[in-house]
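Chain residues, written in single-letter form:
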Amino acid sequence: MNRFSFTRANSVPEAVRAGGGADTRFLAGGTNLIDLMKENVERPSALVDINRVGLAGIEERPGGGLRLGALVSNADTAYDRRVAERYPLLACAILAGASPQLRNAATNGGNLNQRTRCYYFYDTATPCNKRNPGTGCGAIGGVNRIHAILGASPSCIATNPSDMCVALAALNATVRVTGPDGEREIAFADYHRLPGDAPQHDNTLRTGELVTAIDLPDEDFSAHHTYLKLRDRLSYAFALVSVAVALRMEGDRIAEARIALGGVAHKPWRVPAAEQALAGQPASAENFDRAAELLLRGAQGQGHNDFKIGLARRAIRRALRQAAAGTPQSQTDKRIA
Amino acid sequence: MNVLQNVGIGSAINRVDGLQKVTGRARYAAEHPVPGLLHGVIVSGAIPKGRIVTLEDSEARAVPGVVEVLSHKNRPHVAWFDRSHKDMVAPPGSPFKALYDDKILFSGQPIALVIAESFEVARYAASLVRASYEVEPHNTDFHKAQAERFMPSKKRDTYHPPKNRGDADAAFAAAPVKVSAEYHLATEHHNPMEMHASTVVWEGDGSLTVFDKTQGPQNVRDYLAGVFGMSASTIRVMNPFVGGAFGSGLRPQYQVYLAVMAARMLQRSVRVVMTRQQMFTHGHRPEALQSVQLGAERDGTMTAIRNSATTSTSRYENNMEDVVIWGMMNYACENAAGEYAIAPVDTATSTDMRAPGAATGMTFFEMAVDELAYAAGIDPLEFRLKNYSETDQMNGTPFTSKALREAYAEGAEAFGWSRRSQAPRSMKEGRELVGWGVATGMWDAMFSKTSASARLSANGHLEVASAASDIGTGTYTVMTQAAADTLGLPVEQIAVRLGDSSLPKAPVEGGSWMAASVGAAVQLACRSVAEKLLSAAAKMQNSPLAGASMEAVRFSGGRIALRDDPARGVAITEVMRASGTDVIAVEETASAGISGMISQMRKSRNTHSAIFVEVRVDEELGVVRVTRVVNAVAAGRIINPKTARSQILGGVVMGISMALHEESMTDHRYGRFMNHNYAEYHVPVNADIHDIQVIFVDEPDPEVTPLGVKGLGEIGIVGTAAAVANAIFHATGKRVRALPITIDKLVDDTVAP
Ligand SMILES: Cc1cc2nc3c(=O)[nH]c(=O)nc-3n(C[C@H](O)[C@H](O)[C@H](O)COP(=O)(O)OP(=O)(O)OC[C@H]3O[C@@H](n4cnc5c(N)ncnc54)[C@H](O)[C@@H]3O)c2cc1C
Ligand code: SF4
């Protein structure tokens, strides 16, 4: 851990003013940032504590939908009655992640900005383009069972580890940010990015920008949804593959489908063609297989993670079945529905 | 009133140190407050093999608060000869000496210690130390290392070579039913909750008090004396509480060496704590490859055993385990051949981890036995009973006791084994494939010479003490019960001291011998107190006990009374007062004795167990749930059914962990374990553990150890992973022969398209 200055911001403008440096980090729950500082992976020169800036509520949006404050804890979000009733997919995804203690400390803004769990990223004795651009990617040709099968680049094959973000992607959320140049909104699909040749950037947030809220549109997928997470033990492990599905059903037919994959790419993975292929179609095994195929088109293993392709195919199929049947995966009973 | 029945040997009292532990009053090695303490932070090396060319510490030294940076360049003198660095349980070879020279032997090797006035400063400054290296070719790939497989002429003291019988090759060739399979176990790290830590107190006169995370305070004391050329009488090592160890604390670890080195150099008190990442830079369960070939008659009579294994060691020490002997001992089979060797890789030396050798070797043997049972078309439990042996087949000796048959029977009954259908995939429920598996466990029932003292005060307060350790296993409780049993005192009047090298001599806490050994020592010491009390009581005026022998009296409820007429007796405090005794203090040593030694030569002494497991595997996704376990254990006399059950529960959880979770993954290019943290090195969490039932079968065995106790620390893990793997086969029809059985090994078209 390095030396750093510490300031506590009492308002969003104060935070934005203090947070302008390239080596400045906002401190929210600290469950990821502090860990990374202890490992000397993050070495900020300044920390700006944002826990007192407000943004700690969940509100109805004027035009419908909900606004989730960036500083609301993951636990409070998942257990909020409005979230649980209207966006159960989001609640499920949050509850599939980490542990109760961590979810109590973790914030919504922090969850969006948590960094990859790639072993090499965490180990400063090894090369990593994301941690130290230009040093190479340790994971390519190394231990990579948790790495990406989609959207990877020769510079980086890391995955985004968040469960919450997979649901937010499927729900077409919007990220609200405030920065030195004022406020802007970022569609969730544009928030995280693929590694390309700049894997040091996980997302499209600009220097000094603060996430203030996540907006959920006024849409109802509560009857047909699921979050299916597959991992190396039955709880408290990051996803090897996860699938968020939200369906609008008309009788036996799927009117609208949203599918996002976690654990497979540098960002939550959505493929519009796969969702369109399901629209207007019956909820059948063949159609689910077809969607899986489209979602996984171009998937490529790195050796240890080759199994993820088959696992993802099965998981997509199963999750679609769960959602269509209205039997979402329980996050407490570990039997797969 | 009937205290004897309530707290003595055999009663399920709560662990006596429980309150201290759950209220945080139990202090661990890094928690002892010391005024003026310095903090040392270890800098770990980045390469697996080669030489340190430059070590740049000026930036670190410039940080205010930094007191010293120790490295090979400026370290104080330590003993020259390897033998001075050998601890009691060191395997043959040349022990690792931290900061000794510029040589790098394994990745993560400590290359410097930054010492500062505060932990934060030390930690920051440690991040500023820069090293450059000259890299030499290395190999950490155990499969490649097979080319260098060998068996050194100098064996580890604890190693038992396999003894062959009959003609296994011919029998195997001729067997009408046979299986041949290769098994692999990934490297595992012990990962106890508490990281290795030492707080070294500089006493001012050159003597040291060392709070250390260890399983043997006297082992650490003697090691430090050897390394630093100190008299053992000037070092006191304390480990009153240990937050788990599983074998990782058998040998002194490098943090204690570094902390003592710094304390002596700076003449200050120093604390050094490893990080979780550094917990992956010392001992680990060796990686293993085992090849098992078994033959049988068509009726299931076993005719051939060929059991061969290799385990990993380092380049500088030759660690060995008993891997192949277990199956050869356990089964009635006329022809058996075992073969074992080690193969070096460029890592730290592997070390004992819960049931070393057996956890690996018996697990794979029991997986092979399951395969043979299926090849013969016989129920796997019936197959084991058919080839049951009352005697140790490898050594040709009887057992002091072996109630494995009873364990099979009681376990099967509790589990409902008779309702099992033999065919794989035949017990499906919904989308879940249900599988039932069985396996056998086996471990040594050892006894180790141990001393204990007892000190009875005039107020009836008793203190018993031994340099034993309690690594969570319940030694405090066992010693309390052995004392209560002998002197009939209530628990509140008994204080136990352990975890202190200045106390009467005890072995390291390992091998499951502690309860039997220290229990016997405490009993002896307390018996000697009892004799003194009785003779004093007999001398009292009008004593009701005049002329009574030890056999004629009973110590109970703080009194000594006639067995035949309990109303006639005296209170212990009364005896002390009447005889004007302030204190009775004795020290006794429990050893096997002549008869015990003869018995050890003539008879085998082992614990046994039968493990039954139910798994449910999602057919499509390969997700495994271990929904039921029954572990029936034959381990002689049970001192405390509650702490004993806890030991078995922990062993079973660790067995499930071995079957499904634990794996230290190496990047062979960098020769480095990559998942070196608790988030990515997986052990089971609550959601992975369901119903575990522990049964202790009746197994009276007065011969095995003085108390008839066999020990329970390790038997719980042995065979458990095999029962899980066998259940997974029964569920899915797929044999996975490489542990852990992770989801990637089960998601394939042979399980479900
Ligand atoms: C052992 C372990 C297991 C875990 N398992 C899971 C899991 O299974 N699934 C899962 O999804 N997650 C898991 N997590 C991750 C956890 O969800 C994240 O650590 C958490 O969400 C981060 O939130 P925080 O508030 O603590 O963020 P912090 O650690 O405070 O911050 C993280 C990053 O976000 C930035 N940041 C924070 N708030 C803002 C803001 N408002 N605007 C801009 N930038 C901001 C910080 O500067 C920092 O870079 C696990 C974590 C641990 C330690
Ligand atoms: S995958 Fe990305 S994060 Fe991991 S080592 Fe490569 S560049 Fe670094």
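Remember, predicted model here, so these are calculated numbers, not experimental data. (Residues numbered from 1 in each chain as written. Chains lettered and ligands numbered in written order. Predicted model: local features only at pLDDT ≥ 70, side-chain atom pairs only at ≥ 80, totals over all residues. Heavy atoms only, no water.)

A. Main features of the confidence of the model for chain B. Across chain B, the average pLDDT comes to 96, with 99% of residues at or above 70. The model gives residues 1-5 of chain B a pLDDT under 50, and that stretch makes 15 contacts with residues more than four places away or in other chains. (pLDDT = per-residue confidence, 0-100. Contact = heavy atoms within 4.5 Å.)

B. Quick peek at the packing of helix H12 (residues 285-295) of chain A against helix H13 (residues 307-325) of chain A. Residue and element names in this part refer to chain A. Two numbers describe how H12 lies on H13: the axes approach to 9 Å, and their chain directions differ by 135°. Overall, the two elements H12 and H13 adopt an arrangement that is oblique. Of the two elements, H12 crosses H13, and the hand of that crossing is right-handed. Across the interface between the two elements, Phe288, Asp289, Ala291, Ala292 and Leu295 from H12 touch Arg313, Ile316, Arg317, Leu320, Arg321 and Ala324 from H13. (Axes fitted to C-alpha atoms, helices over the stretch in contact; angles between N-to-C directions. Helix = DSSP H or I, 4+ residues; strand = E, 2+ residues; numbered from the N terminus. Parallel < 35°, antiparallel > 145°, perpendicular 65-115°, else oblique. Left-handed = near helix turned anticlockwise from the far one by under 90°.)

C. Local environment of the pairing of strand E11 (residues 270-273) of chain B. All names here are of chain B. Pairing of strand E1 (residues 38-44) with E11 involves three bridges; the strand directions are parallel. Considered in E11, the bridge of leucine 38 is made with valine 270. Judged from the four bridges that link them, strand E8 (residues 197-202) and E11 form a sheet pairing that is antiparallel. Bridging across to E11, serine 198 finds its partner in valine 272. (Pairing = 2+ DSSP bridges.)

D. Representation of the pattern of salt bridges within the structure. Inspection of every chain in the model, using the stated rule, returns 73 salt bridges over all chains. The salt bridge partner of lysine 97 of chain B is aspartate 82 of chain B, with a shortest N-O separation of 2.7 Å. With lysine 97 of chain B in the loop between strand E3 (66-71) and strand E4 (103-104) and aspartate 82 of chain B in the loop between E3 and E4, this pair connects stretches of sequence that are 15 residues apart. Judged by relative accessible area, lysine 97 of chain B falls into the buried class, the value being 12%. Between lysine 103 of chain B and aspartate 101 of chain B there is a salt bridge, with its nearest N and O atoms 3.9 Å apart. Its relative accessible area of 48% is what places lysine 103 of chain B among the partly exposed residues. A network of salt bridges, in which partner residues are shared, links Arg335 of chain A together with Glu429, Glu432, Glu614, Arg616, Arg625 and Arg628 of chain B. (Salt bridge = Lys/Arg side-chain N within 4 Å of Asp/Glu carboxyl O. Buried < 20%, exposed > 50% of the residue type's maximum accessible area, 1.4 Å probe, protein only.)

E. How the structure looks around unusual backbone geometry. Residues and elements named next belong to chain B. Between leucine 739 and the following residue, proline 740, the backbone shows a cis peptide bond with an omega angle of 5°. Here proline 740 shows up in the segment after strand E31 (738-739). Even without being glycine, leucine 99 reaches a positive phi, approximately 60°. The residue leucine 99 is located in the loop between E3 and E4 in this model. At serine 512, a residue that is not glycine, the phi angle is positive and equals roughly 65°. The exposure class of serine 512 is buried, given its relative accessible area of 10%.

F. The interface of chain A and chain B, seen in detail. Taken together, the 43 residues of chain A in the interface contact 44 residues of chain B. Both sides together, the interface formed by chain A and chain B hides about 3800 Å², and carbon and sulfur atoms give 56% of it. Contact with chain B buries surface across chain A, with Arg233, Leu234 and Arg314 of chain A losing the most and accounting together for 19% of the total. Scanning the region where chain A abuts chain B turns up seven salt bridges. For arginine 145 of chain A, the salt bridge identified is with aspartate 744 of chain B, shortest N-O distance 2.6 Å. Joining chain A to chain B, the criterion identifies 18 residue pairs in polar contact (both at pLDDT 80 or more). Tallying contributions element by element places H13 of chain A first for the side of chain A that touches chain B, with seven residues. (Buried area = accessible area lost by both parts, 1.4 Å probe. Polar contact = N/O pair within 3.5 Å; in protein donor to acceptor, adjacent residues only side chain to side chain.)

G. Quick peek at the environment of serine 595 of chain B. Residue and element names in this part refer to chain B. With respect to the element layout, serine 595 can be found in helix H16 (residues 593-602). Owing to a relative accessible area of 59%, serine 595 belongs among the exposed residues under this scheme. For the pair serine 595 and glutamate 703, spaced 108 residues apart in sequence, the C-alpha to C-alpha distance is 9.3 Å.

H. Quick look at the sheet that holds strand E6 (residues 174-179) of chain A. Residue and element names in this part refer to chain A. Overall, antiparallel pairing links the five strands, which are arranged E4-E5-E8-E6-E7 in an open sheet. Across the chains shown, the open sheet's two edge strands, defined by having one partner strand only, are strand E4 (58-60) and strand E7 (182-187). Each adjacent strand pair in this sheet contributes to an overall mean axis angle of 25°, direction not counted. With four bridges joining them, strand E5 (residues 66-69) and strand E8 (residues 210-216) adopt antiparallel strand pairing. Across the sheet, the residue bridging to leucine 66 is leucine 216, located in E8.

I. Main features of the domain arrangement of chain B. Residues and elements named next belong to chain B. Each assigned domain of chain B is listed with its residue range as follows: domain 1 (18-25 + 448-591), domain 2 (32-137 + 192-275) and domain 3 (168-187 + 284-446 + 601-747). Interface area, domain 1 with domain 3, both sides summed: about 1200 Å², of which 58% is carbon and sulfur. Our count for the contact surface shared by domain 1 and domain 3 stands at zero salt bridges. Scanning the region where domain 1 abuts domain 3 turns up six residue pairs in polar contact (both at pLDDT 80 or more). Elements with a minimum of two residues in the side of domain 1 that touches domain 3: helix H13 (475-487) and helix H14 (514-538). A breakdown of the residues in the side of domain 1 that touches domain 3 according to their chemical character gives five nonpolar, ten polar and one charged. (Domains from an automatic or database assignment. Nonpolar A, V, L, I, M, F, W, Y, C, P; charged D, E, K, R; others polar.)

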